[in-house]
Amino acid sequence: MEKIMCVLDDEKECENCMECEICDLDDTKICDNCGKCLDVKDFVSIKIDKIITDPNEYKQ
């Protein structure tokens with residue numbers, strides 16, 4: 001079985017302590033990927049200009 005290394009300390013094996021799951025801003029909370037710690041102001045978007053439903057219409 002392959003060893004899984006700790007994501008916080010690459011010198012030791014994972015001990016399932018769950019410290020890597022703790023929020024960086026509130027140590028009483030489990031990370032929920034809110035992004036507040038990243039301080040991201042803008043959002044990325046993709047403009048969809050056409051939806052192809054017929055595979056024969058698709059051009060590669």
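Counting starts from 1 at the beginning of each chain's written sequence and moves along it residue by residue. Only residues with pLDDT of at least 70 are given local features in this predicted model, and only at 80 or more are side-chain atom pairs given and counted; all residues enter the totals for whole chains, interfaces and linings. Processing note: side-chain calculations cover all non-hydrogen atoms of the structure and skip hydrogens and water entirely.

Draft legend 1. Up close: the overall build of the protein chain. Each helix corresponds to a stretch of at least 4 residues labelled H or I by DSSP, and each strand to a stretch of at least 2 residues labelled E; elements are numbered beginning at the N terminus. Scanning the protein chain from terminus to terminus reveals zero helices and zero strands. The globule rule is 2.2 Å times the number of residues to the power 0.38, and the radius of gyration it is compared with is taken over C-alpha atoms. Against the 2.2 N^0.38 benchmark of 10 Å for 60 residues, the protein chain shows a C-alpha radius of gyration of 21 Å, more extended than a compact globule. For the protein chain, with 60 residues in total, the buried portion stands at 3%. Entry remark: accessible area of the protein chain is about 6600 Å², with carbon and sulfur atoms responsible for 51%. Averaging the locations of the 8 positively and 17 negatively charged side chains of the protein chain gives two centres separated by 11 Å. Burial status follows relative accessibility: with a 1.4 Å probe on protein chains alone, a residue under 20% of its type maximum counts as buried, one over 50% as exposed, and anything between as partly exposed. Computed with the Shrake-Rupley method and a 1.4 Å probe, the accessible areas treat only the protein chains shown as cover for residues. His residues and chain termini do not enter the charge count, which takes Lys and Arg as positive and Asp and Glu as negative. All charge positions are set by atom: Lys at NZ, Arg at CZ, Asp at CG, Glu at CD.

Draft legend 2. Focus on the pattern of salt bridges. A pairing counts as a salt bridge when a side-chain nitrogen of Lys or Arg comes within 4 Å of a carboxyl oxygen of Asp or Glu. Counted under the stated rule, the structure contains two salt bridges. Here Lys-12 ties to Glu-15 by a salt bridge, and the two come within 3.9 Å at their closest N and O atoms. Residue Asp-32 is joined to Lys-29 by a salt bridge in which the shortest nitrogen-to-oxygen separation is 3.7 Å.

Draft legend 3. How the structure looks around unusual backbone geometry. One non-glycine residue, Met-18, lies in positive phi territory at about 70°. For Met-18, a relative accessible area of 48% translates into the label partly exposed. The residue Asn-33 is not glycine, and still its phi comes out positive at about 60°. Look at Asn-33 and you get exposed, because its relative accessible area is 69%.

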